[in-house]
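Here is what each chain is made of, one letter per residue.
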Amino acid sequence: MTHAADTISPGQVAERGRRALLHEPAGGDPGKLTLVRARGSLVWDDQGREYIDCTAQAWSNNLGANDPRVIAAAEAQLHRITHARPTFHTPVLLELAEAVVAVAPDGLDRVGFTLHGSMAVEMAFKLALRNRPGAQHIITLQDAYHGRSLATMAASWPHPNNVFGPLQPRFTRVARPDLYRPRAGLTPEADADLCLGLLRDTIDKGIDGEVAAIVYEPIQGNGGHNEYPDNWHRGLRQLCDEYGILLIADEVQTGFGRTGTMWACQYYGIEPDMIVFGKGVGGGFPLAGVLAKAEHARFVAGDDQLTFGQFPVAMAAGLATVRAILADDLPARAAEHGHYATRRLLDMQQRHPLIGDVRCPGLMVSLELVRDRQTKEPAPQETTEVFRRALERGVILGESRYGGRGNLIKVKPPLDIERDQLARALDVLEDVIGEVEKEFAR
Ligand SMILES: Cc1ncc(COP(=O)(O)O)c(C=O)c1O
């Protein structure tokens, strides 16, 4: 049988893509590969080149790519039933629901599913409004990223090319504290207190009507890997309790083990009213959803039904993935690998002034590259060059192109990456950082 990859010569890919596809490549040209195969933490392009994938394909393959347990479960489901509209339950839907609730933080006992993180965030917004009838507002944080549907794009940081405004709802974006760049003269904790005060002012004086929910990522991912001091998490919970606002944690990126615990909420001691999940739960298949409290009203028929929202094949893959995450104790693997990677990166930081900051936890690892450690001036060109050179040597690093400063390198491979693969990726990273430092010093 001829494989599609055999019929497209590498030189034709960009041209054929331009002619046939509606979408420009995400992330631009550097690093645009045509991938034909994946296994674990490795991917192969159409020229047979092998890469260590430190992006886990948008931080989604928490369990390495094409895990045989996931493939077998999806395959078996293919022969049972591939599609059931939301009017009907399937056994796999109920099994998955029970499995996800079983690994959820205490008190989050109900779950709803959909296919994409963006739609899951919208599901959480709808559930918040269903539970706070009359409330008309949802608060999000500056530099947040919650997706690319019309609503979630509006709930994220302002996209520079956004022409979709006329059809987008309005969200109120509030200031957030910054661990690496707290406001002038403040400690991160004082910065968090200041932001909590500003948030209170916004609720009291800046919004007409009631606020249904505050949504935030426990660690902002696409907005620049921004972690928060503990008093921010605590303060948000207190404020929500005081005002009767629902607290939604968007764990699409941090959930299912990435931070070294099953949920980032557990790592930071956050007690949200809802958790949004996605990415890592599907084992490479599209799957996302919302965990909520049993005390909250459920959706009524018609509130939230999508034809393929409860796709049995993705659910079977998800069920196998959740079982594999538990069987292999992937949160513990993420914590171990994360310690190792962070130790090595902190060690590199001693030798390389370009590394301004090293961030974790678990395998949510990144570096901020700066031209000057004192001023923390971002180094975006150097970052692109580090990314490009690593790619040439067979390592796909993550980059931040979104609301951040374009100077973030991310090392977020599958949580079950082999240790020697992780070590090799870090070796390459150090080599190319050294080269780029020399080149830009000239
Ligand atoms: C925190 C967060 N929320 C939501 C989303 C949207 O997920 P999806 O791209 O599956 O719609 C993302 C995707 O990067 C994300 O990082």
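Quick caveat: nothing in here was measured; it's all calculated off a predicted structure. (Residues numbered from 1 in each chain as written. Predicted model: local features only at pLDDT ≥ 70, side-chain atom pairs only at ≥ 80, totals over all residues. Heavy atoms only, no water.)

Before going further, it helps to examine the overall build of the chain. Along its length, the chain carries 13 helices and 16 strands. Computed over C-alpha atoms, the radius of gyration of the chain comes to 22 Å, within 12% of the 22 Å expected from 2.2 N^0.38 for 442 residues, which places it in the range of a compact globule. For the chain, the spread of C-alpha atoms along the principal axes amounts to about 65 × 60 × 45 Å. Out of the 442 residues in the chain, the part that is buried amounts to 53%. Residue pairs in contact within the chain that sit at least 24 positions apart in sequence constitute 71% of those at least 6 positions apart. (Helix = DSSP H or I, 4+ residues; strand = E, 2+ residues; numbered from the N terminus. Rg over C-alpha atoms; globule rule 2.2 N^0.38 Å. Buried < 20%, exposed > 50% of the residue type's maximum accessible area, 1.4 Å probe, protein only. Contact = heavy atoms within 4.5 Å.)

Approximately 870 Å³ is the volume attributed to the second largest pocket. If you go around the second largest pocket, you meet 29 residues; those closest to its centre are Val111, Gly112, Arg298, Phe299 and Gln310. The greatest single-element share of the lining of the second largest pocket, amounting to five residues, is contributed by strand β4 (residues 110-114). Within the lining of the second largest pocket, the residues separate by chemical class into 16 nonpolar, eight polar and five charged. (1 Å grid on protein atoms, 1.4 Å probe; cavity = no way out; pocket = protein on both sides within 12 Å on 5 of 7 lines; lining within 4 Å. Points joined across faces, edges and corners; volume = space filled by probe spheres on them. Nonpolar A, V, L, I, M, F, W, Y, C, P; charged D, E, K, R; others polar.)

What follows is about the site of the ligand. In the neighbourhood of the ligand, the contacting residues comprise His116, Gly117, Ser118, Tyr145, His146, Gly147, Glu217, Asn222, Asp250, Val252, Gln253 and Lys279. At 2.9 Å from an oxygen atom of the ligand is found a side-chain nitrogen or oxygen belonging to Lys279. Within the complex, 84% of the 390 Å² of free accessible area of the ligand lies under protein. By residue class, the composition of the shell around the ligand is two nonpolar, seven polar and three charged. (Near = heavy atom within 4 Å. Polar contact = N/O pair within 3.5 Å; in protein donor to acceptor, adjacent residues only side chain to side chain. Areas by Shrake-Rupley, 256 points an atom, 1.4 Å probe, with all protein chains shown as cover.)

Looking now at the sheet that holds strand β9 (residues 274-277). The pairing of strands in a sheet comes from backbone hydrogen bonds and takes either a parallel or an antiparallel form. The seven strands lie next to each other as β4-β10-β9-β8-β7-β5-β6, forming an open sheet whose pairing is mixed. Both outer strands of the open sheet, β4 and β6 (172-174), are each paired with one neighbouring strand and no more. Each adjacent strand pair in this sheet contributes to an overall mean axis angle of 20 degrees, direction not counted. Note: β4 against strand β10 (residues 288-292), five bridges, orientation antiparallel. Its bridge partner being in β10, Val111 is matched across the sheet by Leu291. The sheet contacts of helix α8 (residues 230-243) involve β5 (137-141), β7 (211-216) and β8 (246-250), and relative to β7 the element is tilted by about 165 degrees. (Pairing = 2+ DSSP bridges. Axes fitted to C-alpha atoms, helices over the stretch in contact; angles between N-to-C directions.)

To continue, consider the side chain of His146. Structurally, His146 is set in the loop between β5 and α6 (150-155). Residue His146 is classed as buried on the basis of its relative accessible area of 3%. Of note is the side chain of His146, whose polar atom sits 2.7 Å from the side chain of Asp250. Each residue touching His146, except ones within four places of it in the same chain, is listed here: Ser118, Val121, Thr152, Ala155, Ser156, Val215, Tyr216, Glu217 and Asp250.

Bridge count between strand β2 (residues 42-45) and strand β3 (residues 50-53): three bridges; the pairing is antiparallel. Along β3, the bridge assignment pairs Val43 with Tyr51. Hairpin connection, β2 to β3: the antiparallel pair is bridged by four residues, and Gly48 has positive phi, about 85 degrees. Relative to strand β14 (residues 395-396), β3 runs parallel, the two sharing two bridges. Bridge pairing in β14 links Ile52 to Val395.

Next up on the list: the packing of helix α3 (residues 68-78) against helix α10 (residues 312-327). Between α3 and α10, the shortest axis-to-axis distance is 8 Å and the interhelical angle comes to 150 degrees. Accordingly, the angle class assigned to the pair α3 and α10 is roughly antiparallel. The hand of the α3/α10 crossing is right-handed. Between α3 and α10, the residues in contact are Arg69, Val70, Ala73, Ala74, Gln77 and Leu78 and Pro312, Val313, Ala316, Ala317, Ala320, Thr321 and Ala324, respectively. Here the residues of the contact of α3 with α10 sort into 10 nonpolar, two polar and one charged. (Parallel < 35°, antiparallel > 145°, perpendicular 65-115°, else oblique. Left-handed = near helix turned anticlockwise from the far one by under 90°.)

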